[in-house]
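Below are the chains, spelled out letter by letter.
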Amino acid sequence: TSSAPEQDSQSSVQQKSDKDRQKELIAYLQDHPQDEFAHYQLGELIRQRAPFQALENYSHVTSRHPHYFEAVAAIADIALEQDLPERAKPALQTLVREYPEQIDYQKALARIYQQEGRYRRALRYARRCVELEPDNAENQLLLAEILKKAGRTSEMLAPLKAALYLQPDSLPAHLNLA
């Protein structure tokens, strides 16, 4: 095992090498702005420290790149973290088409469309969440919440009852039934 000073030293070397690599990639991209591989590598390298710049780098990755869907997922994650729904939406739609069984992408789109007041679209994705994981109370509550906001309160009872059946102590379900 490593001692604490050795780990700090390794961490320091890693940070230095990351900064050096970042400088190298930036310099390289000035001469080769179309290099998708370099854009992807730089995005991965700076994602935590400079999310907006990473978002820009990931945007240069096209469907021909072997890490295209990883780049699209990174765009969606960063856009959601930075509250950029208009940037997240196209990325999430691409991911839903490619990974229709991945519930997190469906759920994120349902929430974005709900916030926009586009309830029909929100319902489409919320229903897909329930279809993928019917025994998940959170999915049932999401569906009920969107139905409520859409003014379809009579339809929200079934998912609320399902949520209570799955999670009897669910405060949001109890409050919505009251």
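The structure presented is a predicted model; accordingly, all values stated were derived computationally and were not measured.

Time to look at the overall build of the protein chain. On a plain count of helices and strands, the protein chain comes out with 10 helices and zero strands. Start at the N end of the protein chain and walk to the C end: the helices and strands fall as α-α-α-α-α-α-α-α-α-α. Relative to its full complement of 178 residues, the protein chain shows a buried share of 37%. In the protein chain, the proportion of contacts linking residues at least 24 apart, taken out of those at least 6 apart, comes to 42%. With the model as given, the accessible surface of the protein chain reaches about 10900 Å², and the carbon-plus-sulfur share is 49%.

By secondary structure assignment, the location of Gln-114 is in helix H6 (residues 103–116). Separated by 32 residues in the primary sequence, Gln-114 and Ile-146 have C-alpha atoms spaced 6.5 Å apart. With residues up to four places along the chain from it excluded, the contact list for Gln-114 reads Tyr-119, Ala-122, Leu-142, Glu-145, Ile-146 and Lys-149.

Turning our eyes to something else, we now look at unusual backbone geometry. Phi at Asp-83 is positive, roughly 55 degrees, even though this residue is not glycine. Inspection of the secondary structure puts Asp-83 in the loop between helix H4 (68–81) and helix H5 (85–98). Judged by relative accessible area, which is 61%, Asp-83 ranks as exposed.

This part is about the side chain of Asn-139. As for its placement among the helices and strands, Asn-139 is situated in helix H8 (residues 137–149). Of the polar contacts made by the side chain of Asn-139, one reaches the backbone oxygen of Glu-133; its length is 3.3 Å. Every residue in contact with Asn-139, bar those within four places of it in the chain, is listed here: Ile-103, Lys-107, Cys-129, Val-130 and Glu-133.

Attention now moves to the pattern of salt bridges. Should the charged atoms of two oppositely charged side chains come close, the side chains can pair. Under the criterion given, the structure shown has 12 salt bridges. The residue Glu-36 makes a salt bridge to Arg-64 at a minimum N-O spacing of 3.1 Å. Of this pair, Glu-36 sits in helix H2 (residues 36–46) while Arg-64 sits in the loop between helix H3 (51–58) and H4, and the two are 28 residues apart along the sequence. The class of Arg-64 is exposed, set by a relative accessible area of 69%. In this structure, Lys-89 engages Glu-116 in a salt bridge whose closest nitrogen and oxygen atoms are separated by 2.7 Å. Pair noted here: Lys-89 is in helix H5 and Glu-116 is in helix H6, with a separation of 27 residues, a long-range link.

Our next topic: the nonpolar core. Tyr-58, Leu-92 and Ile-146 are the most contacted members of the largest nonpolar core, which totals 45 residues. Considering each element in turn, this core owes the most residues, nine residues, to H4. Apart from residues no more than four positions distant in its own chain, Tyr-58 is found in contact with Tyr-40, Gly-43, Glu-44, Arg-47, Ala-71, Ala-74, Ile-75 and Ile-78.

Here H8 crosses helix H9 (residues 157–166) at 155 degrees, and the two axes come no closer than 8 Å. By the criterion of interaxial angle, the relationship of H8 to H9 is roughly antiparallel. Relative to H9, the crossing made by H8 is left-handed. Seen from H8, the contacting residues are Ala-137, Gln-140, Leu-141, Leu-143, Ala-144 and Leu-147; seen from H9, they are Pro-159, Leu-160, Ala-162, Ala-163 and Leu-166. Across the contact of H8 with H9, the residue classes tally to 10 nonpolar, one polar and no charged.

What counts, and at which threshold
- Residues numbered from 1 in each chain as written.
- Predicted model: local features only at pLDDT ≥ 70, side-chain atom pairs only at ≥ 80, totals over all residues.
- Heavy atoms only, no water.
- Helix = DSSP H or I, 4+ residues; strand = E, 2+ residues; numbered from the N terminus.
- Buried < 20%, exposed > 50% of the residue type's maximum accessible area, 1.4 Å probe, protein only.
- Contact = heavy atoms within 4.5 Å.
- Areas by Shrake-Rupley, 256 points an atom, 1.4 Å probe, with all protein chains shown as cover.
- Polar contact = N/O pair within 3.5 Å; in protein donor to acceptor, adjacent residues only side chain to side chain.
- Salt bridge = Lys/Arg side-chain N within 4 Å of Asp/Glu carboxyl O.
- Core = buried A, V, L, I, M, F, W, Y, C linked by side-chain atoms within 4.5 Å.
- Axes fitted to C-alpha atoms, helices over the stretch in contact; angles between N-to-C directions.
- Parallel < 35°, antiparallel > 145°, perpendicular 65-115°, else oblique.
- Left-handed = near helix turned anticlockwise from the far one by under 90°.
- Nonpolar A, V, L, I, M, F, W, Y, C, P; charged D, E, K, R; others polar.

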